[in-house]
Structure formats: C-alpha cells, structure tokens
Amino acid sequence: SRSMTALESSLGLALFERKARGVALTPQGRKFLPRATAIIHEHARAKEEFDAERDLRDGRLSVGLNNVLAYFLSNEALIEMLGRPSRIRIETSFDSYLALRERTLAGEFDLAVSIYEPARKHPELVYEDLMPFESFPFANQHHRLAQQARVGAADLAACRWALIEGRAIQSVFEDYFRSHQVAEPMISLQCASVPFLVSAVAQLDFVTLLPKQMTRASLAGVGELRQLSVEGPFGRGRIGRDRRRYV
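Keep in mind that this is a model prediction, so the values were computed, not measured.

**Side note on unusual backbone geometry**
Here's step 1: Even without being glycine, Gln181 reaches a positive phi, approximately 55°.
Here's step 2: Tracing the backbone shows Gln181 in the loop between helix H6 (167-179) and strand E8 (187-191).

Right, here's the structure in full:
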C-alpha cells in the first residue's frame, strides 16, 4: 500500500481505486499498466543478464517467431541467425507479425523474427535483415494444374486460393497478378494455422502460396502437395528481426 501511494504521488495521478473488497485500477491505472509490465520485464531481464555475467551461467533470450517460420527453420538455423552464443537459453513463442511486433514493444520478447512488412515498420523498433525467401504456388497432386507443363498467371487466376494470414504473403500474392496485368482472384480461405492450411490444400482443389523451404518440413499433408510449374518464383521477400531500440 505504501509503494502504491508513493507511485501515485510521483506520477501525480490516481492509479488505484480503494474499495471495501480490495483495489481496482482507475482509467489512468489501466493506461499505465502496459508500461509498468514492460518495466517489470526489463528489470527481470536485466537481473538475469547481470547474474549470468557474474556467475558465468546460461542467460535467457526470449524470441517471437512468425507462425510460418516454425515449419522451415531448424533450431540450429535459428541460433545461427540470431548470432548469439550457444550458452544462452533461447525461449520461443509463435504468433502473427503484428502480434509479435506489439508483444516485442511490450517487453515480452527480446526480439522477433518474421517475414518483414516494410509498410508496418514501427519507429520504436530496429529492423535487421537476415535472409531472403522465395514463394511458389502449390496444389495437391491431383489438381489439374499439377499435371500441366507450364502454368501461367491466367491459369492461376482461375483457381480457388487459400493463403496463410499475414500482410507479407498477401502482398506477394497481389504483386504477382498486378505485374502480369491479370485480375487478382478471390481468396477463398485464409487462416493462421499452417497445418490446417496444408491439410485443406492437400484434400481440396485449392492453390496456395508457400515458401519453398516449408515443403521440406515434417508436416502432415505436405507430401501431398506439388509445386506448380510457373516461370521463376511467384514472389520474393525478406526475413528479418525486430528489436526494441534500447535492447
């Protein structure tokens, strides 16, 4: 209670409402809560880092990963990309690009690795480029285009499409049809779950867009997919990491 009063006094705001049954946050308190949470995260992380240096024991690195990357980045590749000593224990969590960005800003992650979306770059985050990726269209082995020697933009525009959620993949999709001056087809299915997407494409007549590395992943249904014979990659993008400016 004394600490709460001192905090309110230093800020000049009423953060807590005292009631007979306990304490509740005021509107100002709710607004301040995300910053207080970030401060607590930073304090705990700083203590861990200093303890690790003093005791020469393992530290902790909290990393957020884009949902798609979970299926084609090995642990060894992740460690190499992060460029951190092997003594550090890496803890990972998966989410969409925007959710990763917000959770990094809140102090939940030290950094986030994701397909980069330049239009949504946040001024409080530093972006570091890591690697390119190429996307190709895939369908199940019985799809009519899977047997076709050459697949053009008009062929693809006539298909039903299923895409993983995320602005980066959707931008690649839109740019392809725009560059070929073909009307963009409707997306019939869009979801955040990569396993569900792959399963749907393996069993139905959808065409989807995936990074080629993902087809080598150990994922149910991925063996039923066939890369369609388009000329060159469908689209290219970048994978990068975001970190707060003060990390």
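Now, onward.
**Quick look at the pairing of strand E3 (residues 60-66)**
Here's step 1: The element E3 is extensively covered by neighbouring structure, given that six of its seven residues are classed as buried.
Here's step 2: With seven bridges connecting them, E3 and strand E4 (residues 89-95) associate as parallel partners. Paired with Leu61 across the strands is Ile90, a residue of E4.
Here's step 3: In this sheet, strand E5 (residues 111-115) lies alongside E3 in parallel orientation, the contact comprising three bridges. Bridge assignment links Leu65 to a residue of E5, and that residue is Val113.

**So, a nonpolar patch on the surface**
Here's step 1: On the surface, Leu7, Leu11 and Leu13 cluster together into a nonpolar patch covering about 220 Å² of accessible area.
Here's step 2: Along the chain, the position of Leu13 falls in the loop between helix H1 (2-11) and strand E1 (16-19).
Here's step 3: Overall, Leu13 belongs to the partly exposed group, its relative accessible area being 40%.

**Quick look at the pairing of strand E2 (residues 22-25)**
Here's step 1: Pairing analysis gives four bridges linking E1 to E2, with the strands arranged antiparallel. Each residue of the ladder has a partner; that of Lys19, found in E2, is Gly22.
Here's step 2: Connecting the antiparallel pair E1 and E2 is a turn made up of two residues.

**What about the nonpolar core?**
Here's step 1: If you look at the biggest cluster of nonpolar residues, it comprises 44 residues, and the most contacted ones within it are Ile115, Leu156, Trp161, Leu209 and Phe234.
Here's step 2: Other than its neighbours up to four places away in sequence, Leu209 contacts Ser135, Phe136, Pro137, Trp161, Ala162, Leu163, Ile169, Val172, Phe173 and Phe234.

**Section: helix H7 (residues 194-203)**
Here's step 1: What H7 keeps buried is the set Val194, Leu197, Val198, Ala200, Val201 and Ala202.
Here's step 2: Residues of H7 that are buried make contact with strand E6 (125-140), strand E7 (160-164), E8, strand E9 (206-211) and strand E10 (225-227).
Here's step 3: A side-chain oxygen of the first residue of H7 lies 3.2 Å from the backbone nitrogen of Phe196; this N-cap is Ser193.

**Structural notes on the confidence of the model for the protein chain**
Segments scoring low in pLDDT should not have their predicted coordinates read at a detailed level.
Here's step 1: Averaged over all residues, the pLDDT of the protein chain equals 78, while 76% of them reach at least 70.
Here's step 2: Summarising per-element confidence for the protein chain, the mean pLDDT is lowest in helix H3 (residues 75-82) (54) and highest in helix H5 (residues 153-157) (93).
Here's step 3: Note on residues 52-57: pLDDT under 50 across the span, and seven contacts to partners over four residues away in sequence or across chains.

What counts and what doesn't
Residues numbered from 1 in each chain as written. Predicted model: local features only at pLDDT ≥ 70, side-chain atom pairs only at ≥ 80, totals over all residues. Heavy atoms only, no water. Helix = DSSP H or I, 4+ residues; strand = E, 2+ residues; numbered from the N terminus. Buried < 20%, exposed > 50% of the residue type's maximum accessible area, 1.4 Å probe, protein only. Pairing = 2+ DSSP bridges. Patch = residues over 30% accessible without salt bridge, like charges linked within 9 Å, V, L, I, M, F, W, Y side chains within 5 Å. Areas by Shrake-Rupley, 256 points an atom, 1.4 Å probe, with all protein chains shown as cover. Salt bridge = Lys/Arg side-chain N within 4 Å of Asp/Glu carboxyl O. Core = buried A, V, L, I, M, F, W, Y, C linked by side-chain atoms within 4.5 Å. Contact = heavy atoms within 4.5 Å. Polar contact = N/O pair within 3.5 Å; in protein donor to acceptor, adjacent residues only side chain to side chain. pLDDT = per-residue confidence, 0-100.

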